[in-house]
There are 2 protein chains.
Amino acid sequence: MNLALDEAGPAEHAHTTAWIASVLRARIAAGQLTPGSKLSEQSLSAALGVSRNTLRQAFTTLAGESIVTRIPNRGVFVASPGVEEVREIYRIRRTIEPSAVLWSEPSAKDLDAMEAIVRRAQAARDAGAVVEMADANQAFHEAVVGLTRSDSLRELMERVLAEMRLVFHAMASAPDFHAHYVDRNAQLVKRLRAGENEKAAAELRGYLDAAEAELLGHLTGEAS
Amino acid sequence: MNLALDEAGPAEHAHTTAWIASVLRARIAAGQLTPGSKLSEQSLSAALGVSRNTLRQAFTTLAGESIVTRIPNRGVFVASPGVEEVREIYRIRRTIEPSAVLWSEPSAKDLDAMEAIVRRAQAARDAGAVVEMADANQAFHEAVVGLTRSDSLRELMERVLAEMRLVFHAMASAPDFHAHYVDRNAQLVKRLRAGENEKAAAELRGYLDAAEAELLGHLTGEAS
DNA sequence: AATTCGAGGATTGTTCAACAATGCATGGGT
DNA sequence: ACCCATGCATTGTTGAACAATCCTCGAATT
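Because the structure is a prediction, the values reported are computed rather than measured.

Can you explain the overall build of chain A? Please cite residues and give values.
If you tally the helices and strands in chain A, you get nine helices and three strands. Ordered by position in the sequence, the α and β elements of chain A form the string α-β-α-α-β-β-α-α-α-α-α-α. Relative to a compact globule of 224 residues, whose C-alpha radius of gyration would be 17 Å, chain A shows 19 Å and is just as compact. Counting only C-alpha atoms and orienting by the principal axes, one finds that chain A spans roughly 55 × 40 × 35 Å. In chain A, buried positions account for 45% of the 224 residues. Within chain A, contacts between residues at least 6 apart in sequence are counted, and of these 72% link residues at least 24 apart. Looking at charge distribution, chain A has the averaged site of its 25 positive side-chain charges lying 3 Å from that of its 30 negative ones.

Give me the lowdown on the relation of the copies chain A and chain B, citing residues and values where you can.
With an RMSD of 0.1 Å, the operation that places chain A on chain B is a rotation of 180° combined with a shift of 0.0 Å along the axis. The operation mapping one copy onto its partner corresponds to a two-fold rotation axis. In this assembly the copies share their binding face: 100% of the residues contributing to the interface of chain A also contribute to that of chain B.

I'd love a proper account of the packing of aromatic side chains, names of residues and values included.
The description of two aromatic rings rests on the distance between their centres and on the angle between their planes. Tallying each qualifying case throughout the model produces seven aromatic pairs over all chains. Between tryptophan 103 of chain A and tryptophan 103 of chain B the ring centres are 6.2 Å apart and the planes differ by 35°, which places this aromatic pair in the tilted class. With tryptophan 103 of chain A in helix α4 (residues 83-103) and tryptophan 103 of chain B in helix α4 (residues 83-103), the pair connects residues from two separate chains. For the pair phenylalanine 168 of chain A and phenylalanine 177 of chain A, a centre-to-centre distance of 5.4 Å together with 55° between the ring planes defines the contact as tilted. For the pair formed by phenylalanine 168 of chain A and phenylalanine 177 of chain A, the shared burial category is buried. By way of ring pairs, the aromatic residues Phe168, Phe177, Tyr181 and Tyr207 of chain A are connected into one cluster.

Tell me about the side chain of threonine 148 of chain A, and name the residues and values.
Tracing the backbone shows threonine 148 of chain A in the loop between α6 (130-146) and α7 (151-170). For threonine 148 of chain A, a relative accessible area of 11% corresponds to the buried category. Setting aside anything within four residues of it in sequence, one finds threonine 148 of chain A in contact with Ala100 and Leu153 of chain A together with Arg91 and Thr95 of chain B.

Break down the interface of chain A and chain B for me, with residues and values.
Taken together, the contact between chain A and chain B spans 28 residues of the former and 28 residues of the latter. The largest contributions to the chain A side of the interface with chain B come from Gln57, Thr95 and Trp103 of chain A, which together make up 27% of the buried area. At the surface where chain A touches chain B, the tally comes to twelve residue pairs in polar contact (both at pLDDT 80 or more). For the side of chain A that touches chain B, the elements supplying multiple residues, two or more each, are α3 (52-64), α4, α7 and α9 (197-221) of chain A. A class-by-class count of the residues in the side of chain A that touches chain B yields nine nonpolar, eleven polar and eight charged.

Rules and cut-offs
Residues numbered from 1 in each chain as written. Chains lettered and ligands numbered in written order. Predicted model: local features only at pLDDT ≥ 70, side-chain atom pairs only at ≥ 80, totals over all residues. Heavy atoms only, no water. Helix = DSSP H or I, 4+ residues; strand = E, 2+ residues; numbered from the N terminus. Rg over C-alpha atoms; globule rule 2.2 N^0.38 Å. Buried < 20%, exposed > 50% of the residue type's maximum accessible area, 1.4 Å probe, protein only. Contact = heavy atoms within 4.5 Å. Lys, Arg positive; Asp, Glu negative; His and termini not counted. Charge placed at Lys NZ, Arg CZ, Asp CG, Glu CD. Least-squares fit on C-alpha atoms with pLDDT ≥ 70 in both. Phe/Tyr/Trp six-rings, centres within 6.5 Å; stacked < 30°, edge-to-face > 60°. Buried area = accessible area lost by both parts, 1.4 Å probe. Polar contact = N/O pair within 3.5 Å; in protein donor to acceptor, adjacent residues only side chain to side chain. Nonpolar A, V, L, I, M, F, W, Y, C, P; charged D, E, K, R; others polar.

Geometry only, nothing functional implied.
Okay, here's the thing in structure tokens:
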């Protein structure tokens, strides 16, 4: 637990609070801080070389992003999403993503970018690079939401995908979950290029339903 | 500026930080703290009877909700949304709201609740109660998003509507902006009751486009 | 007179040390 | 074995201090 990564070196940073928050964000995303583990104020403030007070402020930020859960007088824990959280994640995605493809007018540049991402995912899959494939897949869905041109929705989607990563970290086995969906992404881009937005949206909804069902199966069926 | 609402009384509250955040949220929503005004740490901490440190933590929370803008080494200010923010607001609404009506299956209870809200808005309009009409109108759109059953989206919509309220506060004249849309809400409920979700979604999109255009007209045309 | 420059003051950002409040664990009593 | 009380560790909040930055205001220069 006590990963003594002594970065004792007095850091060079603009705003300590934001910097600490980003450090924690990165470590959680990287899986160094596993879901459910407690983040002690005393230990962490010492390990990071910052005051307990600024650390608490960083906690406030991360709690606002629901990357971390704060239990009063108990402490903060890295979020460990369960069945209900997964359902919520897909409620969000089913609302936003199909809407993005249905009512947006993707530019040629958008479509090219999405196709590039798809190819990256296919290459990673064929090479057996699971993490890279997962990254590419998430990048694809970020691109989908990006069609709305809304930074807020992009941020929301980033948060949702970060939570998805936590789900995967919580599952002991990280199977090739994304493999089934790479080709569907390719199909989606094709549909958009043909201007068949309605079909694209409908297929995407089915896609999301299937992914949710599969994830829930993994979570409930073969829980640890 | 110095609204000396001395609530000096040592407050009875569970968690001071959250309490302070909610107090500020309420005062901003009520228009006591106008958009653009600076929130001095020294003054506010004294006025609210809390430490400067906990006040800063509350600021962090509110900044995360983008109710407040933090400028490094300058201070925090009540957010004052302009043209670009309004565009962003409607990008979000155009993505989420039509999606909610198009792909949800509203229960009879949902529809009854929405109809009740519409009637409240109509009554307020006929009585000339502008604020109540505005409140009812916002409640209606919250209900629309509520059809997704997603708490996160509900929260996002709450934040967006709070920002809308700031826009109205920033406009010196708060005309009967919502009046034009009350009947459209009624129509929307009718469509949903008839199961014509597609038409409902299409009409809602037109609705939102018109509202955005009108708002932008007010903001650019007759700026202060 | 207008502009540039610099000293001073005020405000924010961060740290530290302390205390109150709460929760958890340990141990004693029944 | 169960229940309750005491003590300990952790979180929540406070106040004061200091560094860093920005703003203001006045003086010197062109």
